Amino acid sequence: MAAFAITEGVWAVGVQNPNLRVFDIVMATAYGTTYNAYLVRGEKTALIETVHRRFFDAYLENIQSVCDLESIDYLILNHCEPDHSGSVGALLERCPNLTVVASPGGSINIKQITNRPDLPVRTVKEGDTLDLGGGKVLSFTMVPFVHWPDTMFTYDAADRMIFTCDFLGAHYCEPLMLDTKIPYPEAYESAFKGYYDAIMGPFKPYVRAGLSKLEKYDFDYVGTSHGPILTKGGRYAYCVERYRAWSAERKNDRKTIPIFYTSAYGCTAKAAEMLREGVLEAIPDADCACYDIIEHPMAELAERLNTADAFMIGSPTLNKDAVPPVWELISHIDAINGQKKPCLVFGSYGWSGEAVPMMADRLRALKLAVYEETLKFVFVASEADLERAKALGHAFAASL
Ligand code: FEO
């Protein structure tokens, strides 16, 4: 992507990566991504964000198509994850007199990321400003945990533009970078939702705070760090409305206690059914359904688990371990908002039965409230085992 002017004083100088299919190891990116960066010019010049280190050369070319490197005075880092800060070291080699500007958290991060503890950084706090001259003053507002503690927004009143880094971004790559020129809106909406779920979803209270911060500013453009630049009159209203809806505080209408399990021969499945009977005995109107993990999309199960009031998870023991689908589901637990969520573990085993204690240990490590009593039984549950399962389901539900 070549650099282009967004307003009279702001240029997009980021790069595109349409071929990316996995971001941050775990996130599918069917539509690639972009690493957005911006040049803001007054009498002085500020660069906002760098790009992933692999794309430094293209980034440099874009910058140099707008201005000489020597004329850049500031590098503003709204957030220091290496997809935005990975080229800072390489840029500083070419622009040694550049002043890096970051939040207090960002100042610490960038010294560690560049391995330069002596790196001079201008640390800015809530409401601080940076005067670029010519009537152009940038101001900063701190928005921690959307999605790192270091995140801030940079506001450019003169150009009526706010730079929000990951906030309202999407892993979506199209040659035309404005939201008024998205040729496949459904694809964009799907990418926007996937991005929210993976990046912002664990930080809902902070997302709500970020939205409130945005309301205080008057702007026409939102310079995100991934995907289209948003505009008032374009996709901005949609994006904000979606963030509001997805981040709203939720309370289940009735006690929701899903039971997740895997079962090779139906033994753990049978226990799941009996646990459910026990739950319904204690709370007759509970929303308590059993889910064989391998028969449902993982994202659906994760959503179910993360919005539940409590849950149970069962696995047989295979090769001294719980089985991979169970570990995968556990890896999707929102451990930030799910702290102290009550859960119970169970499972059938043939020889040694490690799965149940291993699941319990892992869930405790994630700071969930693991019910002290677990349910383990050898091979096929006896009548006594099934009665024990029912009683345990009842006791667990009654404890909620
Ligand atoms: Fe796009 Fe959190 O970095």
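Residues numbered from 1 in each chain as written. Predicted model: local features only at pLDDT ≥ 70, side-chain atom pairs only at ≥ 80, totals over all residues. Heavy atoms only, no water.

A. The packing of aromatic side chains, seen in detail. All told, the structure shown has 20 aromatic pairs when counted by the stated rule. Note on Tyr35 and Phe55: the rings are 5.4 Å apart at their centroids and 40° apart in plane angle, and the pair reads as tilted. Of this pair, Tyr35 sits in strand 6 (residues 33-35) while Phe55 sits in the loop between strand 8 (45-48) and helix 1 (56-66), placing them 20 residues apart in sequence. With a centroid separation of 5.1 Å and an interplanar angle of 90°, the aromatic rings of Phe167 and Tyr243 are classed as edge-to-face. A residue pair is termed long-range when its members are at least 10 positions apart, and Phe167 in the loop between strand 15 (161-165) and helix 5 (185-200) and Tyr243 in helix 7 (residues 236-247) qualify at 76 residues. Residue Tyr243 is classed as buried on the basis of its relative accessible area of 0%. Across from the ring centre of Phe219, 4.1 Å away, lies the NZ or CZ of Lys232, which sits over that ring. (Phe/Tyr/Trp six-rings, centres within 6.5 Å; stacked < 30°, edge-to-face > 60°. Helix = DSSP H or I, 4+ residues; strand = E, 2+ residues; numbered from the N terminus. Buried < 20%, exposed > 50% of the residue type's maximum accessible area, 1.4 Å probe, protein only. Lys NZ or Arg CZ within 6 Å of the ring centre and 35° of its normal.)

B. Inspection of the side chain of Thr317 at higher detail. In this fold, Thr317 is placed in the loop between strand 20 (311-314) and helix 10 (324-331). On the basis of relative accessible area, Thr317 is assigned to the buried category, the value being 16%. Among the polar contacts listed, one links the side chain of Thr317 to the backbone nitrogen of Glu354, at a separation of 3.4 Å. Separated by 3.0 Å, the side chain of Thr317 and the backbone nitrogen of Ala355 make a polar contact. Beyond its immediate stretch of four places on either side in the chain, Thr317 contacts Ser348, Tyr349, Ser352, Gly353, Glu354 and Ala355. (Polar contact = N/O pair within 3.5 Å; in protein donor to acceptor, adjacent residues only side chain to side chain. Contact = heavy atoms within 4.5 Å.)

C. The arrangement of the state of the cysteines in detail. For the coordinates displayed, the defined rule picks out 0 disulfides. Between Cys173, a free cysteine, and Cys239, which holds the nearest cysteine sulfur, the sulfur-to-sulfur gap is 17 Å. (Disulfide = S-S within 2.5 Å.)

D. Local environment of unusual backbone geometry. With an omega of 15°, the peptide bond between Val146 and His147 qualifies as cis. Positionally, His147 belongs in the loop between strand 13 (136-142) and strand 14 (152-156). Positive phi values are uncommon outside glycine, yet Cys165 reaches one of about 55°. Relative to the helices and strands, Cys165 is located in strand 15.

E. Up close: the nonpolar core. Counting residues in hydrophobic clusters, the biggest one holds 64 residues, and the most contacted among them are Tyr59, Phe167, Leu168 and Tyr243. Elements supplying a minimum of two residues to this core: helix 1, strand 9 (74-77), helix 3 (88-94), strand 10 (99-102), strand 14, helix 5, helix 6 (204-215) and helix 7. Ranked by residues supplied to this core, first place goes to helix 5 with 8 residues. Every residue in contact with Leu168, bar those within four places of it in the chain, is listed here: Phe192, Leu214, Val222, Thr224, Leu230, Tyr236, Cys239, Val240 and Tyr243. Counting 26 residues, the second largest nonpolar core, distinct from the first, contains Ala269, Val279, Cys288 and Cys290. (Core = buried A, V, L, I, M, F, W, Y, C linked by side-chain atoms within 4.5 Å.)

F. Expanded view of the layout of surface pockets. The calculated volume of the largest pocket comes to roughly 1,700 Å³. As for the largest pocket, its lining consists of 46 residues, of which Asp197, Gly201, Pro202, Asn306 and Asp334 are closest to the centre. Mapped onto the lining of the largest pocket, the elements with two or more residues apiece are strand 5 (27-28), helix 5, helix 6, helix 7 and helix 9 (298-306). Looking at which element gives the most residues to the lining of the largest pocket, the answer is helix 5, with 6 residues. Across the lining of the largest pocket, the residue classes tally to 21 nonpolar, 12 polar and 13 charged. One number sums up the size of the second largest pocket: a volume of about 450 Å³. If you trace the second largest pocket, you find 22 residues lining it, with Pro316, Thr317, Leu318, Tyr349 and Gly350 closest to the centre. Mapped by element, the contributors of at least two residues to the lining of the second largest pocket are helix 8 (267-282) and strand 21 (342-349). Along the lines of polarity and charge, the residues of the lining of the second largest pocket split into 11 nonpolar, 10 polar and 1 charged. (1 Å grid on protein atoms, 1.4 Å probe; cavity = no way out; pocket = protein on both sides within 12 Å on 5 of 7 lines; lining within 4 Å. Points joined across faces, edges and corners; volume = space filled by probe spheres on them. Nonpolar A, V, L, I, M, F, W, Y, C, P; charged D, E, K, R; others polar.)

G. Here's a closer look at the packing of helix 6 against helix 7. Contact pair helix 6 / helix 7: the axes reach a minimum separation of 9 Å and the direction vectors enclose 145°. As helix 6 runs across helix 7, the sense of the crossing is left-handed. Listed contacts from helix 7 to Lys204, Val207, Arg208, Leu211, Leu214 and Glu215 of helix 6 are Tyr236, Val240, Tyr243, Arg244, Trp246 and Ser247. Its residues assigned to classes, the contact of helix 6 with helix 7 shows 7 nonpolar, 1 polar and 4 charged. (Axes fitted to C-alpha atoms, helices over the stretch in contact; angles between N-to-C directions. Left-handed = near helix turned anticlockwise from the far one by under 90°.)

H. Here's a closer look at the environment of Leu60. Note on placement: Leu60 falls in helix 1. Expressed as a C-alpha distance, the spacing of Leu60 and Glu81, which sit 21 residues apart in the sequence, is 19 Å. Setting aside residues no more than four positions away along its own chain, Leu60 makes contact with Leu69, Leu91 and Arg94.

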